[in-house]
Amino acid sequence: MSHDGVGSRPRPRAVMRSVVFLTAGALAVPTLAACGSSDEPSEPLAAQDIAPAARARIADGSTLSWAVDSVPDTFNAFQADADATTTRVAQAVLPSMFRLDAEGRPERNPDYLESAEVVETEPRQVVLYRLNQKAVWSDGREIGAADFAAQWRALSGKDSAYWTARNAGYERIEKIERGKNDLEVRVTFARPYADWQSLFSPLYPKDVMGTPDSFNDGARRKLKVTAGPFAVKEVDRKDDEITLARNPRWWGRQAKLSEIVLKAVPRGERVAALADGSVDLAEIAPSAVSGIDSAAKNAAGPEAGSGGGRTGVRKITGKDAAAKRRQQALRNIEVRRSLEPAYTQLALNGAGGPLADERVRRAVARALDREELAELVLKPLGLPAEPVGSHLALSGQEAYADGSGALGGQDTAEAQALLADAGWVLGGPVEKSEKSEKSEASKKKDKEKEKGDKEENGEKAAGGEGEKADRNASEEPSDGGSDGAYIVGEDDKNRTGDDSGDSAAGAHLAQDGKQFLDRQVRQGGAPGAYAPKGTAAPAGGAAGALAKDGKALTLRFVLPSGDGSQSLRTVADRIAGMLGKVGIRTEITKVKDDSYFKDHIASGQFDLALYSWPTSAFPATDARPIFAKPVPAADGSLNVEQNYTRVGTDQIDQLFERAVSTLDEGEERKLLRKADARIWAAAGSIPLYQRPQLTAARKDLANVGAFGFQTPVYEDMGFLKKGSGGSQRKE
């Protein structure tokens, strides 16, 4: 999971579906399934952008400097503190039985597998792996059944001495044994497992997985034994660098690069690092794109000071000269752009408060213009701006189907009617808290003092107060690192409107679906996705403040405050405006980046939040913990797994279990789409847009950049030979 700008930390899929993606028994399964049951394959919204080139055009022996967020705390991808750099290293130096193609679909990796298939289904599912006979670890030992078995035992969850993050899929294995020869591995499952292709990617040597001690500590600071096109040559934690070098025992196509140096570079410093040549490749923020694009466009233009048709030349200062040199250096850099296999969502915390009522959650969702939000982020970057239609897959992936019809699109009147049905009415009495009463008294005292001061100075107090009120109403909050809050819509004094509405007694809990029994289904949506027939939306255009039981409808919207999260805050401001139109106030609270997830999202200290989840080729496995129904733990706490919205049902859990247990791919897709329709109807998570993937690279760098869905092929990366196009890299 990640939030934009604070650093995307995609977990390895076998560990955690990481920065993010109800109704119960009465939901009509056929109706919901119809929302997105088409089996017509979808296409990725944006192609990958990696400057593809044939290997013959790529020079041998160069070094690639690649900016990363950090030198990881562990190289064990199955531990909780693994991060994006852990994944990058694992992809380059460890075996993976399957990798993803450009459409996000798993494909057999021929460097390690001759074949892999289900050979038996009764009485147990059996998968037979036939290994590439050339596949060996860097210490010369053949990759074999002992490595598979050691990884299964470590990740099965049966031995708590192994400090694993997740055991997804491995807990379903009954046994692993050698086949007819050393190149065959037979995996027998205790329960059918649809996502068996997700296992053993990456595969660690038995030296790492064999004992709890070696698993917990053996691969944290170093990785001695590997089996990829590269090996870990050096980990320099003082200078925050990892050097990967060609693996001399690699049996596949030799890597074109001799070394890859992964350098920890803060995102705010990456453009400067690209300009001075200290890095060749870096993921960048949207705010950095225009500067690089501008330098590229001006590459063929007149040089400053050459006249260019002017009669005079402005004197160039030292600062101007530095800027000019930087622009000239950036002419060799280009932005490669695609869409990440991840989406940004609006999360609604259904654990308590107004959002425990699913009608209020649905009203929030129906107030949003998702197309407008997608365009706000993606259109300026030249990327396709389409809202995401599924919680479980993205366009181009096999499981994708637009299930948003289960909830319905933007409809202000319907949103207001849902709020009225939930008992939130315009102009209702609002009880002031002791804190607000003190605040009002303080404001009154300050105004009286200001009036007296101005009268003494011969000023018109009324005019001064009016000017001050205008400033307060329009004042923007600080973007600094400290916590701060402001309320959107609090200055709306329009209290007129129809206070009537069909008010239902009692909150509708997120885990309860009985309330849908008598609800009407319209436009293919889920029962309860619309207000009951006859419920009138409040009269008037823009909504005023809504209240219920003496309390105003105000939702706490928590956001990160760092410089890199500006686009996220821009989206939040637009959402706040949309909610204000239906009478929902938002109290926007900005918190420090390092506390955003831990202290607010994971702990449930929010009403609304924006963060992202990556999608997976194996949603039946990887998405389940994100939408699993929270259950009480033994210590009395609530076990939410990764479901930070706290919204879930038994029916969603059952659909995931059925999907992961069928070996019929078509049936699995149908079950996943039914689950997605229920998740939409719950309105705990509202997918907004696919995240932009922006990578700045030297123009002569090939087969690397914005990969989209595809797993990078590290041995094909490199710099073009002289005369092959692009600017030749200096050695």
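Anything mentioned here points back to the structure above.
Quick caveat, the model's predicted, so the values are computed rather than measured.

**Digging into the overall build of the protein**
- Scanning the protein from terminus to terminus reveals 19 helices and 24 strands.
- As displayed, the protein has an accessible area near 31,400 Å², and 47% of this comes from carbon and sulfur atoms.

**A look at the packing of helix H9 (residues 358-367) against helix H11 (residues 412-421)**
- At a minimum axis distance of 8 Å, the contact between H9 and H11 shows a crossing angle of 165 degrees. Taken together, H9 and H11 sit at an angle that is classed as roughly antiparallel. Read as a crossing pair, H9 and H11 show a hand that is left-handed. Note on element contacts: H11 touches H9 through Thr 412, Glu 414, Ala 415, Leu 418, Leu 419 and Asp 421, opposite Arg 359, Val 360, Arg 362, Ala 363, Arg 366 and Ala 367.

**Remarks on helix H15 (residues 593-601)**
- Within the sequence span of H15, burial applies to Ser 595, Tyr 596, His 600 and Ile 601. Around the axis of H15, the buried residues are gathered within 150 degrees of arc, so they sit on the same side. The exposed residues of H15 that point more than 90 degrees off its buried face are Asp 594 and Lys 598.
- Of the surrounding elements, those touching the buried residues of H15 are strand S17 (554-560), strand S18 (585-591) and strand S19 (608-614).

**Observations concerning the packing of aromatic side chains**
- All chains considered together, the criterion is met by 17 aromatic pairs.
- Ring plane angle 85 degrees and centroid distance 5.3 Å describe the contact between Phe 597 and Tyr 644, whose orientation is recorded as edge-to-face. Note that Phe 597 is positioned in helix H15 and Tyr 644 in the loop between strand S21 (638-639) and helix H18 (650-661), a separation of 47 residues in sequence.
- Using a relative accessible area of 29% as the deciding quantity, one classes Phe 597 as partly exposed.
- Taken together, the ring pairs connect Phe 78, Phe 98, Tyr 129, Phe 148, Tyr 170, Trp 196, Phe 200 and Tyr 204 into an aromatic cluster.

**Focus: a negative patch on the surface**
- On the surface, a cluster of negative charge is made up of Glu 398, Asp 664, Glu 665 and Glu 667.
- Since its relative accessible area comes to 30%, Glu 667 is described here as partly exposed.

**Quick notes on the sheet that holds strand S6 (residues 173-178)**
- The four strands are arranged S4-S5-S7-S6 in an open sheet whose pairing can be described as antiparallel. The sheet is open, and its two borders are formed by strand S4 (113-120) and S6, each paired with just one other strand. The average undirected angle you get between the axes of adjacent strands in this sheet is 15 degrees.
- As defined by bridge partners, S4 adjoins strand S5 (residues 126-131) across six bridges and the pair is classed as antiparallel. Across the sheet, the residue bridging to Glu 120 is Val 126, located in S5.
- Docked against the sheet, helix H3 (residues 145-155) engages S5, S6 and strand S7 (184-189), running at close to 160 degrees with respect to S6.

**A few points about the packing of helix H10 (residues 370-378) against helix H14 (residues 566-580)**
- Here H10 crosses H14 at 155 degrees, and the two axes come no closer than 10 Å. Classified by the angle their axes make, H10 and H14 are roughly antiparallel. Classified by chirality, the crossing of H14 by H10 is right-handed. Here H10 contributes Glu 372, Leu 373, Leu 376 and Val 377 to the contact with H14, which in turn contributes Thr 570, Val 571, Arg 574, Ile 575 and Met 578.

**A word on the sheet that holds strand S13 (residues 425-426)**
- Pairing is antiparallel across the open sheet formed by three strands, whose spatial order is S13-S15-S16. If you trace the sheet from one side to the other, it starts and ends with S13 and strand S16 (551-552), each paired once.

**Some points on the pairing of strand S12 (residues 333-348)**
- When you tally the buried positions in S12, you get 13 out of 16 residues, the bulk of the element.
- Sheet topology note: the S12/strand S22 (residues 685-698) ladder contains twelve bridges and is antiparallel. If you follow Tyr 343 over to S22, its bridge partner there is Gln 690.
- Relative to S19, S12 runs antiparallel, the two sharing seven bridges. Bridge pairing in S19 links Ala 342 to Pro 614.

**Section: the nonpolar core**
- Core analysis: the largest hydrophobic core is formed by 102 residues, its most contacted members being Trp 66, Met 97, Tyr 129, Phe 200 and Leu 244.
- A total of seven residues in this core trace back to one element, the largest contributor, which is H3.
- Apart from residues no more than four positions distant in its own chain, Tyr 129 is found in contact with Met 97, Leu 113, Ser 115, Ala 116, Phe 148, Leu 183, Glu 184, Val 185, Val 187, Trp 196 and Phe 200.

**Let's talk about unusual backbone geometry**
- Across the junction of Glu 122 and Pro 123, the peptide omega takes the value 0 degrees, indicating a cis bond.
- Relative to the helices and strands, Pro 123 resides in the loop between S4 and S5.
- Following Ser 201, the chain continues into Pro 202 via a peptide bond in cis, with omega recorded as 5 degrees.
- Among the structural elements, Pro 202 can be located in the loop between S7 and helix H4 (206-209).
- We note that Asp 240 has phi near 55 degrees; this positive angle belongs to a residue other than glycine.
- For Asp 240, the location among the structural elements is in the loop between strand S8 (230-236) and strand S9 (241-246).
- Residue classification places Asp 240 among the partly exposed residues on the basis of a relative accessible area of 33%.
- One non-glycine residue, Ala 683, lies in the positive phi region at around 55 degrees.
- With respect to the helices and strands, Ala 683 occurs in the loop between helix H19 (665-682) and S22.
- What makes Ala 683 buried here is its relative accessible area of 0%.

**Concerning the pattern of salt bridges**
- Taken as a whole, this structure holds 29 salt bridges when the rule is applied.
- For Glu 340, the salt bridge goes to Arg 691, with nearest N and O atoms at 3.5 Å. Note that Glu 340 is positioned in strand S12 and Arg 691 in strand S22, a separation of 351 residues in sequence. For the residue pair Glu 340 and Arg 691, the accessibility class agrees, reading buried in each case.
- The shortest N-O distance in the salt bridge between Arg 359 and Asp 421 comes to 3.3 Å. Note that Arg 359 is positioned in helix H9 and Asp 421 in helix H11, a separation of 62 residues in sequence.
- Sharing partners across several salt bridges, the network here consists of Asp 69, Arg 267, Arg 270 and Glu 283.

**Details of the pairing of S9**
- Summarising the sheet, S8 and S9 pair through six bridges and their orientation is antiparallel. When the sheet's bridge partners are listed, Glu 234 is paired in S9 with Thr 243.
- Linking S8 back to S9 in an antiparallel pair, the connection comprises four residues, with Asp 240 at a positive phi of about 55 degrees.
- Sheet topology note: the S9/strand S10 (residues 257-264) ladder contains five bridges and is antiparallel. The residue bridging Ala 245 from the neighbouring strand is Glu 259, located in S10.

**Digging into the environment of Ile 601**
- By the secondary structure assignment, Ile 601 is in helix H15.
- Sequence-wise, Ile 601 and Asn 349 are 252 residues apart; in three dimensions their C-alpha atoms are separated by 9.2 Å.

**A look at the environment of Ile 173**
- Tracing the sequence through the fold places Ile 173 in strand S6.
- According to the relative accessible area criterion, Ile 173 is buried, its value standing at 2%.
- When the C-alpha positions of Ile 173 and Ser 156 are compared, they lie 7.7 Å apart, and in sequence the two are 17 residues distant.
- Setting aside chain neighbours within four positions, we find Ile 173 in contact with Trp 152, Val 187, Thr 188, Phe 189, Ala 190, Leu 199 and Phe 200.

About the thresholds
Residues numbered from 1 in each chain as written. Predicted model: local features only at pLDDT ≥ 70, side-chain atom pairs only at ≥ 80, totals over all residues. Heavy atoms only, no water. Helix = DSSP H or I, 4+ residues; strand = E, 2+ residues; numbered from the N terminus. Areas by Shrake-Rupley, 256 points an atom, 1.4 Å probe, with all protein chains shown as cover. Axes fitted to C-alpha atoms, helices over the stretch in contact; angles between N-to-C directions. Parallel < 35°, antiparallel > 145°, perpendicular 65-115°, else oblique. Left-handed = near helix turned anticlockwise from the far one by under 90°. Contact = heavy atoms within 4.5 Å. Buried < 20%, exposed > 50% of the residue type's maximum accessible area, 1.4 Å probe, protein only. Arc of directions from axis to C-beta. Phe/Tyr/Trp six-rings, centres within 6.5 Å; stacked < 30°, edge-to-face > 60°. Patch = residues over 30% accessible without salt bridge, like charges linked within 9 Å, V, L, I, M, F, W, Y side chains within 5 Å. Salt bridge = Lys/Arg side-chain N within 4 Å of Asp/Glu carboxyl O. Lys, Arg positive; Asp, Glu negative; His and termini not counted. Charge placed at Lys NZ, Arg CZ, Asp CG, Glu CD. Pairing = 2+ DSSP bridges. Core = buried A, V, L, I, M, F, W, Y, C linked by side-chain atoms within 4.5 Å.

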